[in-house]
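Here's the letter readout for the chains.
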Amino acid sequence: MSSVTPDDVDRTINAFSRLDQRGDRKAMNKLAERLQREQPHLLQYAAATRASHGDKVGEAAVFYATLVWAMFDRHHGGTLPRLTQQNLADAETLVGRAVAAVEQVEALPIHQRISPALAKAQPAIYGKLQELIEEDVREAAMAPETATVIFPPTQVVVEAFDAALAGRRPGERQGTMARQEPKVGRNDLCPCGSGKKFKKCHGS
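Just so it is clear, the structure is predicted and the values come from calculations on it, not from any experiment.

Enquirer: Could you clarify how one ought to interpret unusual backbone geometry in this entry?
Expert: What is expected of a backbone is that most residues other than glycine have negative phi and most peptide bonds are trans. Positioned with a positive phi, glutamine 104 is a non-glycine residue whose angle comes to about 50°. Mapping glutamine 104 onto the fold places it in the loop between α6 (85-100) and α7 (116-119). Taking the relative accessible area as the measure of exposure, glutamine 104 reaches 63% and is therefore exposed. With a phi close to 60°, alanine 140 is a non-glycine residue in the positive phi region. Positionally, alanine 140 belongs in the loop between α8 (123-138) and α9 (144-166).

Enquirer: Can you walk me through the packing of aromatic side chains in this structure?
Expert: Between two aromatic rings, the relevant description is the distance of the centres plus the angle of the planes. A full pass over the atoms with the stated rule returns three aromatic pairs. On the numbers, 5.6 Å between centres and 90° between planes, the contact of phenylalanine 63 with tyrosine 64 is edge-to-face. Put simply, the rings of Phe16, Phe63 and Tyr64 touch in pairs and so form one group of aromatic residues.

Enquirer: Is there a simple way to explain the nonpolar core in this structure?
Expert: A general feature of soluble globular proteins is that nonpolar side chains tend to end up buried together. One finds Phe72, Ile125, Ile133, Ile150 and Phe161 to be the most contacted residues of the largest nonpolar core, which totals 50 residues. If you list the elements that add at least two residues to this core, you get α1 (6-22), α3 (40-47), α5 (55-75), α6, α7, α8 and α9. A total of twelve residues in this core trace back to one element, the largest contributor, which is α5. Apart from the residues lying within four places of it in its own chain, the contact partners of isoleucine 150 are Val57, Ala60, Ala61, Tyr64, Ile133 and Met142.

Enquirer: Would you explain the packing of α8 against α9 in this entry?
Expert: Relative placement of two packed helices is described by the angle separating their axes and the distance separating the axes. It is at 11 Å that the axes of α8 and α9 come closest, and there the two elements cross at 170°. By the angle between their directions, the pair α8 and α9 is classed as roughly antiparallel. Residues Ile125, Tyr126, Leu129, Gln130, Ile133 and Val137 of α8 lie in contact with α9, whose contacting residues are Pro144, Ala147, Ile150, Phe151, Thr154, Gln155 and Val158. Across the contact of α8 with α9, the residue classes tally to ten nonpolar, three polar and no charged.

Enquirer: What should I look at first to understand the pattern of salt bridges in this one?
Expert: Under the counting rule described, the total for this entry stands at 13 salt bridges. Taking the shortest distance from any N to any O, the salt bridge between arginine 138 and glutamate 139 comes out at 3.8 Å. Look at arginine 138 and you get exposed, because its relative accessible area is 53%. Connected via shared salt-bridge partners are Glu159, Asp162, Arg168 and Arg169.

Cut-off values and rules
The residue count restarts for each chain, going from 1 along the sequence in the order it is written. The predicted origin of the model limits local features to residues at a pLDDT of at least 70 and limits the giving and counting of side-chain atom pairs to 80 or more, whereas totals for whole chains, interfaces and linings rest on all residues. With hydrogens and water set aside, each side-chain value is computed from the structure's full complement of heavy atoms. Numbering of helices and strands starts at the N terminus; helices are DSSP runs of H or I of at least 4 residues and strands are runs of E of at least 2. When accessible area is computed with a 1.4 Å probe and restricted to protein chains, residues below 20% of their type maximum are described as buried, those above 50% as exposed, and intermediate ones as partly exposed. Centres within 6.5 Å make a pair out of two Phe, Tyr or Trp rings, where for Trp the six-membered ring is used; the pair is then stacked when the planes are under 30 degrees apart, edge-to-face when over 60, and tilted otherwise. Remark: nonpolar core denotes a set of buried residues (Ala, Val, Leu, Ile, Met, Phe, Trp, Tyr, Cys) joined through side-chain atoms within 4.5 Å. What makes two residues a contact is simply this: any of their non-hydrogen atoms within 4.5 Å. The axes are straight lines fitted to the C-alpha atoms, using for helices just the contacting stretch, and the angles between their N-to-C directions are given from 0 to 180°. Orientation labels follow simple angle bins: below 35 degrees gives roughly parallel, above 145 gives roughly antiparallel, 65 to 115 gives roughly perpendicular, and whatever is left gives oblique. Nonpolar residues are Ala, Val, Leu, Ile, Met, Phe, Trp, Tyr, Cys and Pro. Charged residues are Asp, Glu, Lys and Arg, and all others, Gly as well, are polar. What makes a salt bridge here is a side-chain nitrogen of Lys or Arg within 4 Å of a carboxyl oxygen of Asp or Glu, nothing more.

Set out below in structure tokens:
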């Protein structure tokens, strides 16, 4: 399994920047709908920070997780495995232990709190994430406390996709999973955990 290339990372960032600059809600909603359809557990995992840290932090966590998914998706031509809750739980354990093993990690700047060993698997993604986190904090676009909360789960998403694609902890093939939960109606609560109706959130 090859690492995501710097070119794919940059093209993903540029695509997100164009969407944001244009304010293209239709395209952004299509992207959100696809993420909900193809990676529901990923979305739920990232959005779980809302419960303990509020909407603003939760939205930042979802954005960074979506960005990581888009980088892998671009590199692999839209053929990513669907992450499961177990994929993410296992990745969380591994990333937590690996980062904790870094000497005096809590004394490091937030964007440097990574495991070099894990970063070697996806250097372009890690490098860009570190750059974005550092820039967001430096320019006060994100509070240091928010960055501290969202950077670990963002690294978990990287590890989960890397492991699934490499076959270490395979996910589910797209199109092979039988629906285990009822389809979300437009007036139902959004599965991302925002507390909003689906039509006002990821179904808008």
